[in-house]
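Given next are the chains, with one letter for each unit.
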Amino acid sequence: MKKRHKLYLKLNLMSVVFIVVSFISVTLAWFAYSGLADVATEVNVKAWYIELSQYEEVVSNDISITFSDIYPGMTPVEEEISIKNKGDSDAQISYDIVSARLLDVDEFTVDDVTTSPYVEDLLSHDYPFHINMTLSKGYALESVGESTFKVSISWPLDSDTDELDSYWGMEAYSFEQGEIEQNTIDPEYQIRPSIKVVIRISAEQYLEEEGTSDYAYNLGDNILFDVVSNSRCYEVSSTCLSTYVIDADSKLSDSYVSLLPDVSGSYSSGVFANYDSILSSLTSTWMVDYQSLTVEDVLNIISNNITSSLLVRSGLSDMIIGNLKYAGRMTTELNLAKSYSGYYLFSLEDYSFLNRSSCYWTNSTYDGTSSFAIMNNTTDLKLYNELNTTSCEVIPVIHALKANLY
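**Side note on the side chain of S213**
Working step 1: One can find S213 in the loop between strand 13 (195-205) and strand 14 (222-226).
Working step 2: Reaching out from S213, the side chain makes a polar contact with the side chain of D249 at a distance of 2.9 Å.
Working step 3: When residues no more than four places from it in sequence are discounted, the contact partners of S213 are G138, Y139, Y206, D249, S250, K251 and L252.

The structure is reproduced here in structure tokens:
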């Protein structure tokens, strides 16, 4: 039997410091618009500001989030920052990791070589503890717009990384004792947290650029779409389907949007070997592009929940899926799940548009005898390996041209 370790890493010990660099609290940003007839023309300007708040209280530009302790088997802890636009211009919101220090063992500074996505991926997956972060929306509309930045930290008890647990536990103890000794020698010495991550949250004027989030198509938005006229419709019928946006973060530069028809509807079922023929039959009268639902589609959606979207492995602790955006990470994640004969559980409440009582297929194989399917798991939803000989529903994904939805 593997020896279990319950090793405490103090998070007075940990500080996640958010440096907010632009348009925060009562700071006003003024944008002048072009079109002057002459120098005497009055400039048309709009004022706006972003207010960051925590626990419904306005906070300062530097936001410190601390946790009491972190250890194997801890309940995942989440903190969130509410971002509100109280001004009269739309804003696009983003975040970047500036630096990260883990004890005195590893330290990263984001520069031309080391990128923010790279460091975020490391923090999410490459240590026995996992630090994940997410932004609910990449924009905040004028006057009433909001977005939420969340950060979570977790440490599975039985994660199959006992050696790493022991190493980091001992390093944490040594680091803490060293800091205490320094403070004893010099009372003015400021004891450093064991883990420090500096984040920059940026708010800018909303511009129609390639990387800007498209506020017309949010994950889970309901859209009525006619698959024959290839356009938006306004009353459900045999061709006007109730659909849901399944793109995790649709961009203005994306010409198409992925729409999943209401999964509770009536579809054709069959074994996995007949997936393609069933899909073709269901869409035979459609005049719109369509595609298969894949396991990658589903993981891109559910991994945004950084506290309760879990990889479940037999004999080991459940593990938060975490960030899957970095190049190659999706493949690594799926290989990990398969190596443990694992499956995924995710929130029924958060992802109700994926809820169906009976199973339905993705067009992604798990191994030689099973493929990924989705079904209701009573209190949550399950993305799992279903035998290819089982009869599950096949549900097409509409690949809709945005120009046809206006």
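**Describing the pattern of salt bridges**
Here the idea is simple: oppositely charged side chains can pair when their charged atoms come close.
Working step 1: On inspection of all chains with the given rule, the structure shows 8 salt bridges.
Working step 2: We note a salt bridge from R192 to E179, for which the minimum N-O separation is 3.1 Å. Here R192 is found in the loop between helix 2 (162-185) and strand 13, whereas its partner E179 is found in helix 2, with 13 residues between them in sequence.
Working step 3: K251 serves as the salt-bridge partner of D249, at 2.7 Å between the closest nitrogen and oxygen.
Working step 4: Because the salt bridges share partners, they merge into one network encompassing D104, E179 and R192.

**Quick word on the side chain of N388**
Working step 1: Position of N388 among the secondary structure elements: in the loop between strand 25 (380-387) and strand 26 (392-393).
Working step 2: Within polar-contact distance, the side chain of N388 engages the side chain of S371 at 2.7 Å.
Working step 3: Beyond its immediate sequence surroundings of up to four residues, N388 is in contact with V271, F272, W361, G368, T369, S370 and S371.

**Section: the pairing of strand 10 (residues 130-135)**
Working step 1: Strand 10 sits mainly inside the fold: 6 of its 6 residues count as buried.
Working step 2: Pairing analysis gives 6 bridges linking strand 10 to strand 12 (residues 146-154), with the strands arranged antiparallel. Across the sheet, residue M133 finds its bridge partner in strand 12, namely V151.

**Quick look at the packing of aromatic side chains**
Working step 1: Under the counting rule described, the total for this entry stands at 16 aromatic pairs.
Working step 2: A ring pair is formed by F129 and W155, whose centres lie 5.5 Å apart and whose planes are at 65 degrees; its orientation type is edge-to-face. On the criterion of sequence distance, the pair formed by F129 in the loop between helix 1 (116-125) and strand 10 and W155 in the loop between strand 12 and helix 2 is long-range, its members being 26 residues apart. Both residues of the pair, F129 and W155, belong to the buried class.
Working step 3: A ring pair is formed by F272 and W361, whose centres lie 5.3 Å apart and whose planes are at 70 degrees; its orientation type is edge-to-face. Note that F272 is positioned in the loop between strand 18 (269-270) and helix 3 (275-282) and W361 in strand 23 (residues 360-365), a separation of 89 residues in sequence.
Working step 4: Positioned over the ring face of Y340 is R313, at 5.0 Å from the centre of the ring.

Conventions we followed
- For every chain, the first residue of its written sequence is number 1, and the numbers climb from 1 along that sequence.
- This being a predicted model, a pLDDT of at least 70 is required before a residue's local features are given, and a value of 80 or more before pairs of side-chain atoms are given or counted; all residues contribute to the totals for chains, interfaces and linings.
- As a rule here, side-chain values come from all non-hydrogen atoms in the structure, and water together with hydrogens is ignored.
- Numbering goes from the N terminus for both helices and strands, where a helix is a DSSP run of H or I of at least four residues and a strand is a run of E of at least two.
- The definition of a polar contact used here is a pair of N or O atoms within 3.5 Å, where within protein one atom must be able to donate a hydrogen and the other to accept one, and adjacent residues in sequence count solely through side-chain atom pairs.
- Between two residues, a contact is recorded if the distance between any of their heavy atoms is within 4.5 Å.
- Within this document, salt bridges are pairs made up of a side-chain nitrogen of Lys or Arg and a carboxyl oxygen of Asp or Glu, the two lying within 4 Å of each other.
- Buried means the residue's accessible area, taken with a 1.4 Å probe over protein chains only, is under 20% of the maximum for its type, while exposed means over 50%, and partly exposed covers the values in between.
- Strand pairing is defined by DSSP finding a minimum of two bridges between the two strands.
- Working definition: a ring pair exists when centres of Phe, Tyr or Trp rings (six-membered ring for Trp) sit within 6.5 Å. Plane angles under 30 degrees give stacked, over 60 give edge-to-face, the rest tilted.
- Any Lys NZ or Arg CZ found within 6 Å of a ring centre and within 35 degrees of that ring's normal is scored as a charge over the ring.

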